[in-house]
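Fold and geometry: a report
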Amino acid sequence: MEHAIVRFVNEELLGGNGPRVTADDEIVLDGTVDSLGVTRLVDFIETEFKLAVPAQDVTIDNFRTITTMAAYVRTRQESAATT
Amino acid sequence: MDFGFTEEQERLRTEAVEFARNELASDLVARDAESGFDRELWRRCAEFGILGSNVPTEYGGQGRDVVTTVAIMEALGYGCPDNGLTLALNGQMWAVQEPIQQFGTEEQKERYLPLLISGGYGAHAMSEPASGSDTFALETTAEKTDGGYVLNGRKTYIGLAPVCDVALVFAATDPTVGRWGITAFLVEGDASGLTKGGNQPKMGLRTGPFGDLVLEDCFVPDSARLGPEGAGASIFTNSMDWERSFIFASHVGSMARQLDDVIQYARTRRQFGEPIGKFQSVSNRIADMRLRLETSRLLLYKAAWLLDSGDAAQLYSALAKLHLSESFVASSSDAIRIHGAKGYVSEYGVERDLRDALGGVIYSGTSDIQRQVIARLMGV
Ligand SMILES: Cc1cc2nc3c(=O)[nH]c(=O)nc-3n(C[C@H](O)[C@H](O)[C@H](O)COP(=O)(O)OP(=O)(O)OC[C@H]3O[C@@H](n4cnc5c(N)ncnc54)[C@H](O)[C@@H]3O)c2cc1C
């Protein structure tokens, strides 16, 4: 899961140019991914992992790094599986 | 794919046009000249069920879907030439009531939705003196304190601010993390520390009041927070999907009305022994107005259909906002040219549409910003 998000950020959001991000970089805080980038990232997560990300879940706790994004997706998937 | 309205939607549209013509057409030229907001017209709209159209029945609304509500708002704009009023109605419905519906607690929905749809006033307060297009650079702060937050800052150019019963205010709870530290609050109009500025005179849309909101050590309880701390930017972005998609719904109706007017005028006004519509320069303009109306409708209802389906609409809302606002300006300008001097003098109301339309390329994100959003969302 982390790999897919890392690839999306590096290839799609950053266009394959410049320094490549890793799963633990704080990409939404260090300016690598701006506001519209966040929108595209959320769209990607929704499509790739087949879940709806409500606006109130788009917080720094869930989106600080790609690792925390993947953790958020897993939690959502687990709770969907148990309900 | 079906481009038609249902029988029920057609009926509601007919009723909305009749209502607008009979109940909302009062001394508009004079009210525009003196920037007069008529609370009685607002009350009638609430009573007719405009404000509650898309609000669930358990909060007193009509519980209609988005497409139907947009169809009614378009019809309202067709029957009602008061663009300042219809803009204010749309602003409250899509940018205040909708976020409360989506992100509010049960208590917040019960407290504010019945109030707003029965004729109360709600403002959406994001813009500030130093942050317009760069929304998330806002400087208003909300400091956590016992049982609530203390808000400080100034919001500018806020629709319905002078009269608001509740304002959706965006403020930084953690200014060190930029957009991730923004939180949304529902601040009541009589909150101590909130000052509502007077109605600021403006070029157009004069019948809808707007102005500043000043927050000076304004305490709001925890229960006033809309959504979690730090989710304000996402809530704002979501609210813009709705506002940008539909705030022009009634202006599309205005464009349809303009078209009827210019067709009638081009048939009856004679120069050089002929109706002016026989001159291709005039008829070409009318053809362009029709094209703008049709393309505007397609984008408006596509966005409505997407949001009814629960799909992301950010790209379509930016396309709709850009195209509808620019089309309204272009068609308002064409309507003036076709009417000649009658289009330019205030008495006939033709020129008012252009003054009203120009605000649309600025509010809700300027045309430049919409183009950026569209390009970026396509991966450019
Ligand atoms: C009638 C009306 C009603 C309004 N109602 C509300 C309301 O209810 N609530 C609310 O919060 N706000 C409201 N506003 C404020 C509105 O949202 C802002 O005016 C708008 O976002 C633009 O901000 P600004 O005026 O500070 O212009 P600026 O952001 O200073 O822009 C000035 C110019 O620079 C251009 N520009 C800026 N940044 C860029 C960029 N990155 N790329 C290209 N060009 C750029 C702009 O397109 C514009 O041409 C309203 C405004 C109007 C006119």
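Residues numbered from 1 in each chain as written. Chains lettered and ligands numbered in written order. Predicted model: local features only at pLDDT ≥ 70, side-chain atom pairs only at ≥ 80, totals over all residues. Heavy atoms only, no water.

The helix and strand tally for chain A stands at four helices and zero strands. Listing the helices and strands of chain A from first to last along the sequence gives α-α-α-α. Here chain A has a C-alpha radius of gyration of 12 Å; the compact-globule value for 83 residues is 12 Å, and the two agree. Structurally, chain A occupies a C-alpha span of about 45 × 20 × 20 Å along its principal axes. Evaluated residue by residue, chain A yields a buried proportion of 45% over its 83 residues. Counting only carbon and sulfur atoms, one obtains 51% of the accessible surface of chain A, whose full area is about 4300 Å². (Helix = DSSP H or I, 4+ residues; strand = E, 2+ residues; numbered from the N terminus. Rg over C-alpha atoms; globule rule 2.2 N^0.38 Å. Buried < 20%, exposed > 50% of the residue type's maximum accessible area, 1.4 Å probe, protein only. Areas by Shrake-Rupley, 256 points an atom, 1.4 Å probe, with all protein chains shown as cover.)

A residue-level look at chain B finds 100% of positions with pLDDT of 70 or above and a mean pLDDT of 97. Our summary of model confidence lists the complex with pTM equal to 0.96 and ipTM equal to 0.91. (pLDDT = per-residue confidence, 0-100.)

Once that is clear, we can look at the site of the ligand. Residues and elements named next belong to chain B. Neighbouring residues of the ligand: 16 residues in total, closest Ser127, Ser133, Thr366, Asp368 and Gln372. In this structure, Gln372 approaches the ligand through a side-chain N or O atom, which is 2.7 Å from a nitrogen atom. Within the complex, the protein chains bury 62% of what would otherwise be the 970 Å² of accessible surface of the ligand. Counting only elements with at least two residues in the shell around the ligand, the list comes to strand 3 (148-159) and helix 13 (367-377). Looking at side-chain class alone, the shell around the ligand contains seven nonpolar, eight polar and one charged residues. Two domains each put at least three residues into the shell around the ligand: domain 2 (123-230) and domain 3 (235-377). (Near = heavy atom within 4 Å. Polar contact = N/O pair within 3.5 Å; in protein donor to acceptor, adjacent residues only side chain to side chain. Nonpolar A, V, L, I, M, F, W, Y, C, P; charged D, E, K, R; others polar. Domains from an automatic or database assignment.)

Let's shift gears to the pattern of salt bridges. Residues and elements named next belong to chain B. For the structure on display, the rule yields 28 salt bridges over all chains. Salt-bridge contacts for Lys155 lead to Glu128; the nearest nitrogen and oxygen are separated by 2.7 Å. Placement of the pair is Lys155 in strand 3 and Glu128 in the loop between strand 1 (122-125) and strand 2 (141-145), with a sequence separation of 27 residues. Given the relative accessible area of 6%, Glu128 is considered buried. Bridged by salt links that share partners, the residues Arg13, Glu74, Arg290, Glu294 and Arg297 form one connected network. (Salt bridge = Lys/Arg side-chain N within 4 Å of Asp/Glu carboxyl O.)

Residues and elements named next belong to chain B. Helix length check: helix 10 (residues 314-339) (26 residues) gives 37 Å between terminal C-alpha atoms against 38 Å at 1.5 Å per residue, within 8%. Most of helix 10 sits inside the fold, with 19 of its 26 residues counted as buried. Once helix 10 ends, the next one or two residues include Gly340, with phi positive near 60°. (Expected span 1.5 Å × (residues − 1).)

Let us look at the pairing of strand 5 (residues 182-188) of chain B. Looking along a regular strand, one sees side chains alternate from face to face of the sheet. Residue and element names in this part refer to chain B. Extensive coverage of strand 5 is indicated by the burial of six of its seven residues. Relative to strand 5, strand 4 (residues 166-172) runs antiparallel, the two sharing seven bridges. Looking at strand 5, one finds that Val166 is bridged to Glu188. The pairing of strand 5 with strand 8 (residues 225-226) spans two bridges and is antiparallel. Looking at the pairing, Phe185 lines up with Arg225 of strand 8. (Pairing = 2+ DSSP bridges.)

This paragraph deals with the packing of helix 1 (residues 7-23) of chain B against helix 3 (residues 39-48) of chain B. Residues and elements named next belong to chain B. For the pair helix 1 and helix 3, interaxial distance at closest approach is 11 Å and the crossing angle is 155°. Classed by the angle they form, the pair helix 1 and helix 3 counts as roughly antiparallel. Crossing hand, helix 1 versus helix 3: right-handed. On helix 3, the residues touching Glu15, Ala16, Phe19 and Glu23 of helix 1 are Leu41, Arg44, Cys45 and Phe48. The class makeup of the residues in the contact of helix 1 with helix 3 is five nonpolar, no polar and three charged. (Axes fitted to C-alpha atoms, helices over the stretch in contact; angles between N-to-C directions. Parallel < 35°, antiparallel > 145°, perpendicular 65-115°, else oblique. Left-handed = near helix turned anticlockwise from the far one by under 90°. Contact = heavy atoms within 4.5 Å.)

Our focus in this paragraph is the confidence of the model for chain A. Of all residues in chain A, 100% have pLDDT values of 70 or greater, and the mean over the chain is 92. Averaged over each element, pLDDT in chain A is lowest for helix 4 (residues 66-82) of chain A (92) and highest for helix 3 (residues 60-63) of chain A (96).

Here we come to the interface of chain A and chain B. Listed per partner, the contact involves 16 residues of chain A and 21 residues of chain B. Taken together, the two surfaces of chain A and chain B that pack against each other cover about 1500 Å², and 65% of this comes from carbon and sulfur. Along the contact surface separating chain A from chain B lie one salt bridge. With a closest N to O distance of 2.9 Å, Arg376(B) and Asp34(A) form a salt bridge. Summed over the shared surface of chain A and chain B, the result is three residue pairs in polar contact (both at pLDDT 80 or more). Of all the secondary-structure elements, those providing two or more residues to the side of chain A that touches chain B are helix 2 (35-48) and helix 3 of chain A. (Buried area = accessible area lost by both parts, 1.4 Å probe.)

The biggest cluster of nonpolar side chains holds 94 residues, and the ones touching the most others in it are Leu24(B), Trp42(B), Val70(B), Leu89(B), Phe170(B) and Phe246(B). For this core, the element with the highest residue contribution is helix 9 (residues 280-308) of chain B, accounting for 11 residues. Excluding its chain neighbours within four sequence positions, the residues that come into contact with Trp42(B) are Phe37(B), Leu51(B), Leu85(B), Ala88(B), Leu89(B), Gln92(B), Gly119(B), Gly120(B), Tyr121(B) and Leu160(B). Judged by nonpolar contacts, the second largest core, of 29 residues, contains Ala4(A), Val6(A), Phe8(A) and Phe49(A). (Core = buried A, V, L, I, M, F, W, Y, C linked by side-chain atoms within 4.5 Å.)

This part is about the side chain of Thr207(B). Residue and element names in this part refer to chain B. If you trace the backbone, Thr207 turns up in the loop between strand 6 (194-196) and strand 7 (210-221). A distance of 2.4 Å separates the side chain of Thr207 from the side chain of Asp82, its partner in a polar contact. If near-sequence neighbours (up to four positions away) are discounted, Thr207 is found in contact with Leu28, Arg31, Asp32, Gly36, Phe37, Asp82, Gly84 and Leu85.

Moving on to the environment of Arg40(A). Inspection of the secondary structure puts Arg40(A) in helix 2. Exposure remark for Arg40(A): the relative accessible area of 13% places this residue in the buried category. The sequence separation of Arg40(A) and Phe8(A) amounts to 32 residues, and the corresponding C-alpha distance is 9.7 Å. In this view, Arg40(A) contacts Phe8(A), Glu12(A), Leu13(A), Arg376(B), Leu377(B) and Gly379(B); residues no more than four positions away in its chain are not counted.

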